[in-house]
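A closer look at the structure
Listed here are the chains, written in short residue letters.
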Amino acid sequence: MKDKEKTELINGLPVIIVKGTVCFPENSLDFDIIGDLSRNAVKYAENHHTQVAIVTEIDNFSMDDISEKDKVDGKDDPDDYVGFYDVGVVADIVQHMKSKNGSDRIFVNCLKRVRLSNYTQTENSRRGFIYADPEVYDFAEEDDDEIINASLEDVKAVFVEWASLEGVSKDFARDVVKKKGVFEVISPIMYSGVFTAEQQQQMLEIPKISGILQKMISLLLVAVRTTKLKITVLKQAEANIEADTRENFIKEQINILNSQLSGRPESNDSDPIEYYMNEIARICDSGMLDDFYETQLLREVNKLSNYPPMSQEAEILKTYLDTVISIPWDRKTKLTDNLEESETILKNEHYGLEKIKERITETISVQLMTGKTGSNIICLAGPPGTGKTSIAKSIAKATGRKFVRISLGGIRDEADIRGHRRTYLGSMPGRIIKALMEADSSNPLILLDEIDKMASDMRGDPASALLEVLDSEQNKNFKDHYVEIPFNLSDVMFVATANDISAVSAPLADRMEIIEVSSYTREEKFHIAKEHLIPKQLKNHGLTKNKLKINDEAIYYIIDNYTKEAGVRGLERKIAAICRKADKVFVSGKTKSMTVSPKKVESMLGTRKYTEDVYMEDDSVGIVNGLAWTAVGGVLLPVEAAILKGKGRIQLTGSLGDVMQESAKIAISYARTKSEKYGYDGDFIENSDIHIHAPEGAVPKDGPSAGVTMTTALISALSGKKVRKDVAMTGEITLHGNVLPIGGLREKTMAAYKAGMKTVIVPFKNKPDLEEVDKTVKENLEFVFAKTLDDVLSTALK
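Quick notes on the rules
- Residues numbered from 1 in each chain as written.
- Predicted model: local features only at pLDDT ≥ 70, side-chain atom pairs only at ≥ 80, totals over all residues.
- Heavy atoms only, no water.
- Helix = DSSP H or I, 4+ residues; strand = E, 2+ residues; numbered from the N terminus.
- Buried < 20%, exposed > 50% of the residue type's maximum accessible area, 1.4 Å probe, protein only.
- Contact = heavy atoms within 4.5 Å.
- Areas by Shrake-Rupley, 256 points an atom, 1.4 Å probe, with all protein chains shown as cover.
- Pairing = 2+ DSSP bridges.
- Patch = residues over 30% accessible without salt bridge, like charges linked within 9 Å, V, L, I, M, F, W, Y side chains within 5 Å.
- Salt bridge = Lys/Arg side-chain N within 4 Å of Asp/Glu carboxyl O.
- Lys, Arg positive; Asp, Glu negative; His and termini not counted.
- Charge placed at Lys NZ, Arg CZ, Asp CG, Glu CD.
- Axes fitted to C-alpha atoms, helices over the stretch in contact; angles between N-to-C directions.
- Phe/Tyr/Trp six-rings, centres within 6.5 Å; stacked < 30°, edge-to-face > 60°.
- Lys NZ or Arg CZ within 6 Å of the ring centre and 35° of its normal.
- Core = buried A, V, L, I, M, F, W, Y, C linked by side-chain atoms within 4.5 Å.

**Focus on the overall build of the chain**
Across its full length, the chain carries 28 helices and 26 strands. For the chain, buried positions account for 46% of its 798 residues. Partitioning the contacts of the chain with sequence separation of at least 6, the portion at a separation of at least 24 is 73%. Carbon and sulfur atoms make up 49% of the accessible area of the chain, which totals about 41,500 Å².

**Section: the pairing of strand β20 (residues 688–693)**
As paired strands, strand β18 (residues 633–645) and β20 are joined by six bridges and run antiparallel to one another. Across the sheet, the residue bridging to Lys645 is Ser688, located in β20. In this structure, strand β19 (residues 650–653) lies alongside β20, joined through four bridges in parallel fashion. Its bridge partner being in β20, Ile650 is matched across the sheet by Ile690.

**Brief notes about the pairing of strand β7 (residues 377–381)**
With respect to burial, β7 is a largely interior element, five of its five residues being buried. Burial along β7 is two-sided: the residues Ile377, Cys379 and Ala381 and Ile378 and Leu380 are all buried. Bridging between β7 and strand β12 (residues 493–498) involves five bridges; their strand directions are parallel. In the sheet register, Ala381 faces β12, and the bridge partner there is Ala498. The pairing of β7 with strand β13 (residues 513–516) spans four bridges and is classified as parallel. In the sheet register, Ala381 faces β13, and the bridge partner there is Glu516.

**Quick look at a negative patch on the surface**
Taken together, the side chains of Glu340, Glu343, Glu354, Glu358 and Glu362 define an acidic patch exposed on the protein surface. Of all the secondary-structure elements, those providing two or more residues to the negative patch are α11 (339–349) and α12 (354–370). Broken down by element, the negative patch gets its largest block of residues, three residues, from α12. Owing to a relative accessible area of 39%, Glu362 belongs among the partly exposed residues under this scheme.

**Side note on the sheet that holds strand β9 (residues 445–449)**
Two strands in a sheet stick together by hydrogen bonds in their backbones, pointing the same way (parallel) or opposite ways (antiparallel). Pairing is parallel in the open sheet, where five strands are placed in the order β8-β9-β12-β7-β13. Each edge of the open sheet carries a strand with a single partner, namely β8 (403–407) and β13. Between one strand axis and the next, the sheet turns through 25 degrees on average, direction left out of account.

**Here's the deal with the sheet that holds strand β17 (residues 623–630)**
Read across the open sheet, the seven strands follow the order β19-β20-β18-β17-β22-β25-β26; overall the sheet is mixed. Strands with a single pairing partner mark the edges of an open sheet, and in this sheet they are β19 and β26 (782–786). Between one strand axis and the next, the sheet turns by 25 degrees as a mean value, whatever way the strands run. Packed on one face of the sheet, helix α22 (residues 658–673) meets β18, β19 and β20 and runs near 140 degrees to β19.

**A short note on the packing of aromatic side chains**
The full count for this structure, using the stated rule, is 14 aromatic pairs. Here the aromatic rings of Phe292 and Tyr293 are separated by 5.0 Å at their centres, their planes lie at 85 degrees, and the arrangement is edge-to-face. Through successive ring pairs, a cluster of aromatic residues spans Tyr44, Phe129 and Tyr131. The residue whose ring lies beneath Arg113 is Tyr137, and the NZ or CZ to ring-centre distance is 3.8 Å.

**Some points on the nonpolar core**
Core analysis: the largest hydrophobic core is formed by 51 residues, its most contacted members being Leu448, Ile451 and Phe494. The element best represented in this core is helix α10 (residues 312–326), accounting for six residues. The residues contacting Ile451, other than those within four sequence positions of it, are Leu408, Leu466, Leu470, Ala496, Thr497, Ala498, Val504, Leu508 and Met512. Ranked by size, the runner-up nonpolar core spans 49 residues in total, among them Ile356, Phe526, Ala554 and Val601.

Have a look at this one:
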């Protein structure tokens, strides 16, 4: 019998039938042996040292699925068949073991894809198994390897996405991505649980590898979409459950709170109609609503009583009535009556800003004298980072008001200010009413932040809607479109902020008192950093002044070399960076305390970002130290003049604007009138070329204040007289030599002091502005107030 069986199997292989998985070529895997036919096939292969054919059982198999050619010889009974696919793999059995539950388990190396035919079952019923003829079913040649490589990368990408959604191990997904070979990538994905056995079999039977990859991509994409849908449905179901639970919990809490406020025991049957009637009566009794609007509200309550409690209309009406009741009609904050305390708050929280502090103390004084709050509308205008928002917070604290901020940047809908009409679904009150509800006070300070950055379109102009809000004669009866009941805004203190006041419409700007918040000087930045920023950052980083000390020289070094700004935001970021690096040092245990010096700053913050202003190092001919104002403060602006042989050509370089070029022409004309006094040829324009240059040519420059500087440089170059290196100047000139006033004196003089100048020449008419100049600057500089260019030249030329 054994010899007969051996002879029958010379040209065939024993067949092992697996369930629920498909074996792929060039792959190793282990599985349990199911059924006597497969168990007997394994025994035979081990005894005769032969390979096996492995195929997959067909799910839901019936006799109708068997074709005549696939029937096993002599077997017509359905019980004699186990339906399986005819495409499988040839494999070597590496190991045969017993699992803990006593079942047989084998480990195999899958070699090649084959198609089986001529199935035969051995005669021995006790040791019977199926064997078949294998025909090697190699993969067809590919036209382009690049297509396979690209498809393989697509398979990896989509699989990683699926794995992340399904929570598959990140290490497993990473290992798959690192693999290079086609079957090295395909095999682990096949057995990751994403495909059914039927889908695996479909891919095994595809003639080309590129086709397998394309099929795998499409199936993975379907799996990704399905998983995303499941996650969405699950989240929605959880959200619905949470919403229902939360709603029931909140309703219960409201019942408890209402019962405590009313002094009655809690009840689940509390009547909302009665509640609204009582609240409306309370508001009307305070004198905030007249009879007409009381009637309107009572009508709304009557409508509510006619609607089913859970209807959409009832919910909309409840939302409206709740909004009206929540508005602080009769609730106010007690304002401060202590002027000294207010002054102390302003002084402690902000350095400098004397004009603003004076304006606020005046407002408080008016309140104390008249007993009226008045509608104070102030606009703080200045560069970013100068503390406008924090100033508004300090004003609220100093006046005893609650603070609410409304960000207006990017608003383009008028309804944001006035609210939406109740005819619209989802309508709500505007930002003004919302701010009052948030403050729960009818006399808060409302900050209208970035008022210059509002826009307008077909939905309306929010700036126009603000005209009524900011007009003290009109805002006594401000009517929000949603509430439809006038509210008195005259007790509200409005403070607006803007970077560019020119971007604010003229009617709106006319309703506000503009207070300029100019850029901080070097000294102001130093004091702000020392008194406010450093203590704040030390606290934020868990440090104390004994643990981390930043000395004065280091603060100046940071201001001069690592920041170039109007405000102090960048300075605060640099101080925070130093604190972070100090924390790292302390945590590592390298030291217990640290003092930051300028040298230490450079090691902590890296190389310097900005260099010092360029200025004259020696008394020179044709070079003058001018002064200029920029958005980030004052700077030293040297101006150079050279006289060359030529035919009267005038060259102006340094990215000079039109106004500055006109100043140069005026300087040339004036220089021709002073030839006799300073000893040079009055006809120099005919036989000489004139070149005037302002260094840092890439930086655009304009304005009339460099007139005196250009004239002095030109006359110095013509006469050969040197200009003092310790003198800086600014001022506009006329054709007859008069010196006209300029702006930005405070910033310009700080730049002169920082550069080490001894004398500053300024227009005589700017003398009153000297009050704004920093005290340290006034103590260290000599000021010359020039009425004419003769005053300038007598001081500057040696």
